[in-house]
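Notes for the structure review
Take a look at the letters that make up each chain.
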Amino acid sequence: AIGQAGETLVNLQAKYAELVDARSMIAAENVMRQTTQDFNAWRLDPQNADESAWLPKWQEMQAAAQKQLDGLKMTEGARLNTTRSWGRWSDAQTISVQGDVFKQGVKRTKDALDLRMKQGIDSGDDSLIRSTVEHGVKLGVFTPEEGALVEYDASKAAKGTRRERFNLELKTMLDAP
């Protein structure tokens, strides 16, 4: 009977360890999920539009999450599983953040080039338009074909700007006493 009671106690302790591990692994998953959600909320705040701050912030939040995971009680087996899960999550999320940084960088660069293009159109400056397109193609923001099309349209619009300016100057000279 004493042997049976000892065996039951060992079984209960093992079962209890499984229960604690299950709760700890769920807590770890929740920490990872919450960290991802918190980062995405932070990133989408207009005050955080500068993508150069995204990866450092992600690494900071990741380190804080790791500290939370390190504080969880679990068996060595559960710790190993959690570490593997953490590694997969961490790698995938870091790659995702790096991709988002790149996409945001391309978008912001394209916006800057578009603004410069409009300035070239408004001033009738074909050389500004041409250099903007060349720069955009070199950076990979425009494909060569897209660059040619953008330059064509912008140069045509810039010619219209120069024509309007000329007509206005001509009218002013003709109307002068």
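The preceding data block contains the structure.
Scope of this entry: the structure provided in the associated data block.

Rules used throughout
Residues numbered from 1 in each chain as written. Predicted model: local features only at pLDDT ≥ 70, side-chain atom pairs only at ≥ 80, totals over all residues. Heavy atoms only, no water. Helix = DSSP H or I, 4+ residues; strand = E, 2+ residues; numbered from the N terminus. Expected span 1.5 Å × (residues − 1). Buried < 20%, exposed > 50% of the residue type's maximum accessible area, 1.4 Å probe, protein only. Contact = heavy atoms within 4.5 Å. Core = buried A, V, L, I, M, F, W, Y, C linked by side-chain atoms within 4.5 Å. Arc of directions from axis to C-beta. Salt bridge = Lys/Arg side-chain N within 4 Å of Asp/Glu carboxyl O.

In this section: helix 5 (residues 144-175). Over its 32 residues, helix 5 runs 46 Å from end to end, which matches the ideal 46 Å to within 8%, given 1.5 Å per residue. Along helix 5, the residues classified as buried are Gly147, Ala154, Ala158, Gly160 and Thr161. Of the surrounding secondary structure, the elements contacted by the buried residues of helix 5 are helix 3 (76-123) and helix 4 (126-139).

Counting 15 residues, the largest nonpolar core has Phe39, Leu69 and Trp86 as its most contacted members. For this core, the elements supplying multiple residues, two or more each, are helix 1 (2-44), helix 2 (54-70) and helix 3. Looking at this core element by element, the count peaks at five residues for helix 2. If we ignore the near neighbours within four places in the chain, the residues touching leucine 69 are Ala28, Val31, Arg79, Thr82 and Trp86.

This next bit is on helix 2. Here helix 2 spans 24 Å end to end across 17 residues, near enough to the 24 Å set by a 1.5 Å rise per residue. For helix 2, the set of buried residues is Trp54, Trp58, Met61, Gln62, Ala65 and Leu69. For helix 2, the buried positions fall inside an angular range of 105 degrees around the axis, keeping them on one side. Of the exposed residues in helix 2, those oriented more than 90 degrees away from the buried face are Glu60 and Lys67.

Once that is clear, we can look at the environment of threonine 75. Position of threonine 75 relative to the elements: it lies in the loop between helix 2 and helix 3. Sequence separation between threonine 75 and aspartate 21 is 54 residues, and the spatial gap between their C-alpha atoms is 6.6 Å.

Before going further, it helps to examine the pattern of salt bridges. Under the definition given, this model contains nine salt bridges. One salt bridge in this structure joins arginine 162 and aspartate 126, with 3.2 Å as the shortest N-O distance. Residue arginine 162 is located in helix 5, and its partner aspartate 126 is located in helix 4; the two are separated by 36 residues in the primary sequence. Looking at arginine 162, the relative accessible area reads 32%, which means it is partly exposed. In this structure, arginine 130 engages glutamate 151 in a salt bridge whose closest nitrogen and oxygen atoms are separated by 3.6 Å. Of this pair, arginine 130 sits in helix 4 while glutamate 151 sits in helix 5; the two residues are 21 residues apart in sequence, bridging distant segments of the chain. Look at glutamate 151 and you get partly exposed, because its relative accessible area is 22%. Bridged by salt links that share partners, the residues Asp50, Glu51 and Arg108 form one connected network.

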